[in-house]
Amino acid sequence: MKHCPKLELRGVTKTFQSKSGALTALDSIDLDVRAGEFVCLLGPSGCGKSTLLNIIAGLDQPTTGQVRMDGQVVRQPGTDRVMIFQSAALFPWLNVIDNVEFGLRMAGMPKGERQATARRFLRMVHLSDFAQAFIHELSGGMKQRVALARALALNPDVLLMDEPFGALDAQTRDILHDELQAIWADTHKTILFVTHNVREAIVLGDRVIVFSTRPGKIKQEFAVHLPRPRQIESYAVVDLSREIMAVLKDDVLASGRDAEAQLLRELEARVVGDDVL
Amino acid sequence: MAVKAAGEGIGTASQRVETRDGPRVASIGLRMLDAFPFVTRHPSLVTRHGLSLLSIASFLALWHLLAIVIASPYLPTPLAVARAAIAAFFERDFLGFTIQQHIASSLVRIVWGFGLAALLAVPLGLASGWLRSVEHLTGPVVELLRPIPPLAWIPFAIYFFGDPFDAVFIVFLAAFFPILLSTLAGVKAVDPILIDAARTLGAKRLRLFLQVVLPAALGNIVTGMRIGLGVGWMCIMAAEMVGVKGGGLGVYIWSMGEIGRFDAVFAGMAIIGVVGIALTGAMGWVEKRISKA
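The structure displayed is predicted, hence computed values, not measured ones.

### Considering the overall build of chain A
- Helix and strand content of chain A: eight helices and 10 strands.
- Counting only residues that meet the buried cut, chain A has 53% of its 277 residues in that class.
- Considering only intrachain contacts with a sequence separation of at least 6, the fraction spanning at least 24 residues in chain A is 69%.
- When the accessible surface of chain A is split by element, carbon and sulfur atoms take 51% of a total near 12,400 Å².

Right, dumping it as structure tokens:
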């Protein structure tokens, strides 16, 4: 079992039925993720990368193909792989610490132990002072920290992160990049991180998996060998992002499909936007 | 120093400008407003209470004036109404009831009818919102019965149930559908991301429902109860007027109208309003307790 990858995706395909017929969101995805690896899934909106994350989480089923974790086929959600959402998805009727305790309560952990665990993880995300705060009192960045603490409290092997920093301002996002890298280095989690931001993918990932769109397919894979911790404004990150963009561009121009070219332009606009910052 | 001098210069210049015709007219207008210090966007607490008092006093004065000018036996003065209201607490009316007994009768009906409606409609709404099969099972019947106004059931209720269940039944019908539909809508409106988040954190079936769906839908459920209580209070008055037996505030104002005691009719109306406010307050109190739990 030592050499068995943490996650194995084999021919994962997802089609949705729509009024205009079947729509293929994901087309036979094959992917192996090693234990402790940080893998970023990069692609424009609508390329099916969130659907893929949902399937790995067990919240959605593939039409064909399968996902295996530690050799076991994934059929339903499990606390060995916890998902973190772009909207943070905190429970507004619970305060911060009760949110962090939620998964532990579901697991039947006794109250004292639960609270101690929750406090430990709140400290990890620097929110000890906000344990009793209510969700509506928190900023977007704080909400994502709570969501991170809530997921980590369950001690999952795998974190599935669906554009968790997509709605944050650039400064907050940079700080959270640093913290996530530190937490990852401490905890040795396996992380699958979905983003449409090229440089974010490079800063965080050991590997960047680039998706094409309609149908969602793995287009190319980039290994990132830069030393950590990485900074989003470093030359090495910017250079590699240019390289990834160039490859993507060639690819799309060769295929010559308008819709895809449009999506690429959107993708590129985001990178240029980052450069201005 | 030079800067300060320049500032002073501007000050005097503007004062001079103010004495000219145009601005003077404007400033007189503004000074007239000064005579009414309460005309501000954010009045002080004292001013606010003063304004509320003024509002009620003018209403009563206007009413009194109208009653005297019109001099109709159907429009009593506020003073006569106040006298009738006080008297109603100490004297039995020709039906043999004091106003306390009428209030009690109406309250018992609303509490039973509303309580039964909430007890049935909330679980049914939760089940139909969460389980598609339950919705398909109950939906058609609900849609069939819902358009019938609760008041249309009064003849049936009076002859079939009789006192006191006829009125309880009407309140039940009045409160049942708003609570049911709000609860159902509340469950359907739960953000699916919250359900996904709970599932990925290990929540399953019953606990997913009790610890996520229920608290997320609570706001809508309480809104439904509020509406149900209001509609129930309206319908109980109508039912009592039409002819349920055993007293009640609706019975009181209808009977007083029939013998031409319009001071008592208005007194009854005022008491109905006050009890309505008390019911809303009680509902708000329950709401706070629930949301804290």
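After that view of the structure, there is still more to cover.
### Things to note about the confidence of the model for chain A
- Looking at chain A as a whole, the pLDDT averages 86, with 88% of positions reaching at least 70.
- In this model, residues 269-277 of chain A is a region of pLDDT below 50 whose contacts with residues beyond four sequence positions or in other chains number 13 contacts.

### Focus: the packing of aromatic side chains
- Scanning all chains against the criterion turns up 18 aromatic pairs over all chains.
- Arranged with centres 5.2 Å apart and planes meeting at 90 degrees, the rings of B:Phe176 and B:Phe177 form a pair that is edge-to-face.
- Here the aromatic cluster, defined as three or more aromatic residues joined through ring pairs, consists of B:Trp153, B:Phe156, B:Phe160, B:Phe161 and B:Phe169.
- Note that A:Arg150 overlies the ring of A:Phe91, its terminal NZ or CZ placed 4.9 Å from the centroid.

### Topic: the sheet that holds strand β4 (residues 64-69) of chain A
Residue and element names in this part refer to chain A.
- Overall, antiparallel pairing links the four strands, which are arranged β2-β1-β4-β5 in an open sheet. Each end of this open sheet is capped by a strand with a single partner; those strands are β2 (21-33) and β5 (72-73).
- Against the sheet, helix α1 (residues 49-57) engages β1 (7-18), β2 and β4, with an angle of about 120 degrees to β1.

### Things to note about the confidence of the model for chain B
Residue and element names in this part refer to chain B.
- In the predicted model, chain B carries a mean pLDDT of 85, and 87% of its residues have values of at least 70.
- Across chain B, the element-wise mean pLDDT spans from 42 in helix α1 (residues 2-18) up to 95 in helix α9 (residues 192-200).
- Taken over the whole predicted complex, pTM reads 0.79, whereas the ipTM for its chain interfaces reads 0.87.

### Regarding α1(A)
- Counted residue by residue, α1(A) has eight buried out of nine residues, so it is predominantly covered.
- Every buried residue of α1(A) is listed here: A:Lys49, A:Thr51, A:Leu52, A:Leu53, A:Asn54, A:Ile55, A:Ile56 and A:Ala57.

### Quick word on the interface of chain B and chain A
- Facing the 15 residues of chain B at the interface are 22 residues of chain A.
- Here chain B meets chain A over a buried area of about 1,600 Å², counting both sides, of which 67% is carbon and sulfur.
- The three residues of chain B that bury the most area against chain A are B:Thr200, B:Leu201 and B:Gln211, which together make up 39% of that side's buried surface.
- Applying the counting criterion to the chain B and chain A interface returns zero salt bridges.

### What about the sheet that holds strand β9 (residues 207-212) of chain A?
Residue and element names in this part refer to chain A.
- Pairing within the open sheet is mixed, and its six strands lie in the order β6-β7-β8-β3-β9-β10. The open sheet has two free edges, formed respectively by β6 (81-84) and β10 (217-223), since each of these has just one partner strand. Strand after strand, the sheet turns through a mean of 20 degrees between neighbouring axes, direction not considered.
- As defined by bridge partners, β6 adjoins strand β7 (residues 158-162) across four bridges and the pair is classed as parallel. Counterpart to methionine 83 in the pairing with β7 is leucine 160.

### Overview of helix α6 (residues 132-145) of chain B
All names here are of chain B.
- Here α6 contains 14 residues, and its C-alpha end-to-end distance of 20 Å stays within 8% of the 20 Å for a straight helix at 1.5 Å per residue.
- Maximal helix bending in α6 amounts to about 35 degrees, located at threonine 138; proline proline 140 follows within four positions.
- Among the residues of α6, those classed as buried are Val134, Thr138 and Val142.
- Turning to α6, the residues buried within the fold contact α5 (99-130) and α8 (165-188).

### A word on the environment of A:Gly166
- Inspection of the secondary structure assignment puts A:Gly166 in the loop between β7 and α5 (170-187).
- When the C-alpha atoms of A:Gly166 and A:Cys47 are compared, they prove to be 16 Å apart, with 119 residues separating the residues in sequence.

### Quick look at a nonpolar patch on the surface
- The grouping of B:Leu62, B:Leu65, B:Leu66, B:Val69 and B:Ile70 at the surface amounts to a nonpolar patch, some 520 Å² of accessible area in total.
- Turning to its location among the elements, B:Leu62 is positioned in helix α3 (residues 45-70).

### Some words on the layout of surface pockets
- Considering only enclosed or pocket space, the second largest pocket measures out at about 260 Å³ in volume.
- Every residue along the wall of the second largest pocket is listed here: A:Gln76, A:Pro77, A:Gly78, A:Thr79, B:Trp130, B:Ile195, B:Arg199, B:Gly202, B:Ala203, B:Lys204, B:Arg205 and B:Leu208.
- Tallied by class, the residues present in the lining of the second largest pocket amount to five nonpolar, four polar and three charged.

So, how was this worked out
- Residues numbered from 1 in each chain as written.
- Chains lettered and ligands numbered in written order.
- Predicted model: local features only at pLDDT ≥ 70, side-chain atom pairs only at ≥ 80, totals over all residues.
- Heavy atoms only, no water.
- Helix = DSSP H or I, 4+ residues; strand = E, 2+ residues; numbered from the N terminus.
- Buried < 20%, exposed > 50% of the residue type's maximum accessible area, 1.4 Å probe, protein only.
- Contact = heavy atoms within 4.5 Å.
- Areas by Shrake-Rupley, 256 points an atom, 1.4 Å probe, with all protein chains shown as cover.
- pLDDT = per-residue confidence, 0-100.
- Phe/Tyr/Trp six-rings, centres within 6.5 Å; stacked < 30°, edge-to-face > 60°.
- Lys NZ or Arg CZ within 6 Å of the ring centre and 35° of its normal.
- Pairing = 2+ DSSP bridges.
- Axes fitted to C-alpha atoms, helices over the stretch in contact; angles between N-to-C directions.
- Buried area = accessible area lost by both parts, 1.4 Å probe.
- Salt bridge = Lys/Arg side-chain N within 4 Å of Asp/Glu carboxyl O.
- Expected span 1.5 Å × (residues − 1).
- Bend = angle between axes of the 7 residues up to and from the residue.
- Patch = residues over 30% accessible without salt bridge, like charges linked within 9 Å, V, L, I, M, F, W, Y side chains within 5 Å.
- 1 Å grid on protein atoms, 1.4 Å probe; cavity = no way out; pocket = protein on both sides within 12 Å on 5 of 7 lines; lining within 4 Å.
- Points joined across faces, edges and corners; volume = space filled by probe spheres on them.
- Nonpolar A, V, L, I, M, F, W, Y, C, P; charged D, E, K, R; others polar.

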